[in-house]
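Coordinates in review
Chain by chain, the residues:
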Amino acid sequence: MRWDYGEEEVFSCPPQGLFIVCEGNFQYGNATLSFYDPATGQVENEVFYRANGMKLGDVAQSMTIGGNRGWIAVNNSHAVFAIDLTSLRETGRVEGLTSPRYVHFVTPEKAYISQLWDNRIIIFNPQTYSVTGAITIPGMEASVGSSEQMIQSGKFVYCNCWSYQNRIIRIDSERDAVDKQVEVGLQPNSLVMDANGKLWTITDGGYDGSPAGYETPAIFRIDPESMTIELRMDFKLGDSPRDLTVSADGATLYWINDDVWSMPSDATTLPSAPLIPSRRTIYYALAVDPRSDEIYLADAIDYQQPGMIYRYSPSGELISRFYAGVTPTYFCWK
């Protein structure tokens, strides 16, 4: 990826709001970052480019806030960019990565980067932007390796292994090593923790003809201490559940499976009707406002034109909508 620098625009980003990571198209280098202020309804698109005079890169995946900076993983550009949360100017970057997916802060001086097509989780120092080590995932081939979202409870960091994988791993962050794991269904694509401290993951089951297999997708509740499965609820073969999300109080789970679905975190059966019916388009990302419990839903439309963001009330009533960049894929609350 070539970063061509141009004019820079002065930003003074409000203290609260929503960053929207838009992945763009593979090998087009058209990933973008948007910012939305729910208080005013104002949306600013292409803010990374406008603030830095350079494109974000190829296939932006996620954004994490840590150390008063925003950290944006751009997987096909093999880099994580750090930006100031007010000016949106780049403050530094971690480069030379395989395919970064998510960033998790363990301490102010230590953070993890999960990766696709690699069996290592990278350790780096956010103060210096330097790689300091790696955690090798036992029994995983690098060529088909995958580590994804990370959640911490005490000293343990939990991570779902997605592409061609079937397990949740637990990392002892004091030793920077995997100490336990549990096998779930094929391709767990998201991970959350509920109000009772239980882990939930949702599997997509792979696809017909996949070398890893093809099976019924499911949602799992896991006890994080024993790393055992407490509950499994199956979807239908051919369903594509994704983007498991939890409310700020941890009492309600949400996910996309064509429609948007929700259920209490103490439920033992799947819901019979969706919260937000499909508009016969491509729902691609989901988030819940930690302050208002409002639901934000990204629509990729056709993966070519600017995507649409829908803002819903907690009961599923449409409040507003606005355009972001191509293929909005991740929400990050400031």
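Heads up: these notes are all about the structure in this document. (Residues numbered from 1 in each chain as written. Predicted model: local features only at pLDDT ≥ 70, side-chain atom pairs only at ≥ 80, totals over all residues. Heavy atoms only, no water.)

**Things to note about the pattern of salt bridges**
Between side chains of opposite charge, a pair can form as their charged atoms come close. A complete count under the given rule lists 18 salt bridges for this structure. As a salt-bridge pair, Lys 198 and Asp 223 come within 3.0 Å of each other at their nearest N and O atoms. With Lys 198 in the loop between strand E16 (188-193) and strand E17 (199-203) and Asp 223 in strand E18 (residues 218-223), the pair connects residues that are 25 residues apart, well separated along the chain. With a closest N to O distance of 3.8 Å, Asp 243 and Arg 242 form a salt bridge. Of the residues examined, Arg 242 reaches a relative accessible area of 25% and is grouped as partly exposed. Taken together, the shared-partner salt bridges connect Lys 155, Asp 172, Glu 174 and Arg 175 into one network. (Salt bridge = Lys/Arg side-chain N within 4 Å of Asp/Glu carboxyl O. Helix = DSSP H or I, 4+ residues; strand = E, 2+ residues; numbered from the N terminus. Buried < 20%, exposed > 50% of the residue type's maximum accessible area, 1.4 Å probe, protein only.)

**Things to note about the state of the cysteines**
Under the criterion given, the structure shown has zero disulfides. Counting only cysteine sulfurs, Cys 332 is the nearest neighbor of Cys 13, a cysteine outside any disulfide, at a range of 11 Å. Free of any disulfide, Cys 159 has its nearest cysteine sulfur in Cys 161, 5.2 Å distant. With a relative accessible area of 0%, Cys 159 lands in the buried category. (Disulfide = S-S within 2.5 Å.)

**Side note on the sheet that holds strand E8 (residues 100-107)**
Spatially, E8-E9-E10-E11 is the arrangement adopted by the four strands of the open sheet, whose pairing is antiparallel. Strands at the two margins of the open sheet, each flanked by one partner only, are E8 and strand E11 (130-136). For this sheet the average axis-to-axis angle between neighbouring strands, irrespective of direction, equals 25°. (Pairing = 2+ DSSP bridges. Axes fitted to C-alpha atoms, helices over the stretch in contact; angles between N-to-C directions.)

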